[in-house]
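Chain and residue survey
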Amino acid sequence: MKLTTLVCCAYLTAAGLFLTVFALSGFDLFFFLCAGNRILYRALLSLTGVAAAWLVFWLAAFRPTKYVS
């Protein structure tokens with residue numbers, strides 16, 4: 001469970017950096033890393049949504065900030 005959360009968090013961080021480069025320069029790093037394969041490109045983008053949904057579930061279920069005051 002912890003490993004899945006760390007992988008999802010790392011993936012979302014990387015996706016955020018890649019999409020920031022795309023927004024600022026117009027060069028799509030996701031598409032470049034997929035070597036022009038549109039199916040793999042769309043799979044990676046959908047995986048971003050799944051990773052975000054996992055982290056929302058993890059934050060709701062385990063409330064890691066519960067004891068932070």
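Residues numbered from 1 in each chain as written. Predicted model: local features only at pLDDT ≥ 70, side-chain atom pairs only at ≥ 80, totals over all residues. Heavy atoms only, no water.

1. Thoughts on the overall build of the chain
To be explicit about the condition: Starting at the N terminus, helices and strands are each numbered in turn, a helix being any DSSP run of H or I of at least four residues and a strand any DSSP run of E of at least two. Our radius of gyration is a C-alpha quantity, and the globule rule it is checked against amounts to 2.2 Å times the number of residues to the power 0.38. The contact criterion used is simple: two residues touch if any of their non-hydrogen atoms lie within 4.5 Å. Only the protein chains shown count as covering a residue, and every accessible area follows the Shrake-Rupley method with a 1.4 Å probe.
Per the secondary structure count, the chain includes 3 helices and 0 strands. In sequence order, the secondary structure elements of the chain are arranged as α-α-α. For the chain, the C-alpha radius of gyration of 15 Å lies well beyond 11 Å, the compact-globule estimate for 69 residues. Taken over the C-alpha atoms alone, the chain extends approximately 45 × 25 × 15 Å along its principal axes. A separation threshold of at least 6 residues defines the contact pool for the chain, and within that pool the share at least 24 residues apart is 50%. As displayed, the chain offers around 5,300 Å² of accessible surface, 74% of which is attributable to carbon and sulfur atoms.

2. Description of the packing of aromatic side chains
Keep this limit in mind: Working definition: rings of Phe, Tyr and Trp (its six-membered ring) pair if their centres are within 6.5 Å, and the pair is stacked with planes under 30 degrees apart, edge-to-face with planes over 60 apart, and tilted otherwise.
In the structure shown here, the tally under the stated rule is 5 aromatic pairs. Between the aromatic rings of Phe31 and Tyr41, the centroid separation amounts to 5.3 Å while the plane-to-plane angle is 85°, which identifies the pairing as edge-to-face. Placement of Phe31 in helix H2 (residues 29–33) and of Tyr41 in helix H3 (residues 38–62) is noted, with a sequence separation of 10 residues between them. Look at Trp54 and Phe57: their rings are 5.4 Å apart centre to centre, the planes differ by 50°, and that puts the pair in the tilted class. Placement of the pair is Trp54 and Phe57 together in helix H3, with a separation of 3 residues, close to one helical turn. Three or more aromatic residues joined by ring pairs form one cluster here, namely Tyr11, Phe18 and Phe30.

3. Observations concerning helix H1 (residues 2–25)
We apply this condition: The span expected for a helix works out to 1.5 Å for each residue beyond the first. Categorising residues by exposure relies on relative accessible area from a 1.4 Å probe, with only protein chains included: less than 20% of the type maximum marks a residue as buried, more than 50% marks it as exposed, and the intermediate range marks it as partly exposed.
If you check H1, its first and last C-alpha atoms are 35 Å apart, about what 24 residues at 1.5 Å a residue would give, namely 34 Å. Three or more residues of H1 are buried, namely Thr5, Cys8, Tyr11 and Ala15. Where H1 is buried, its residues touch H2 and H3. Two residues or fewer past H1, Gly26 is found with a positive phi of approximately 90°.

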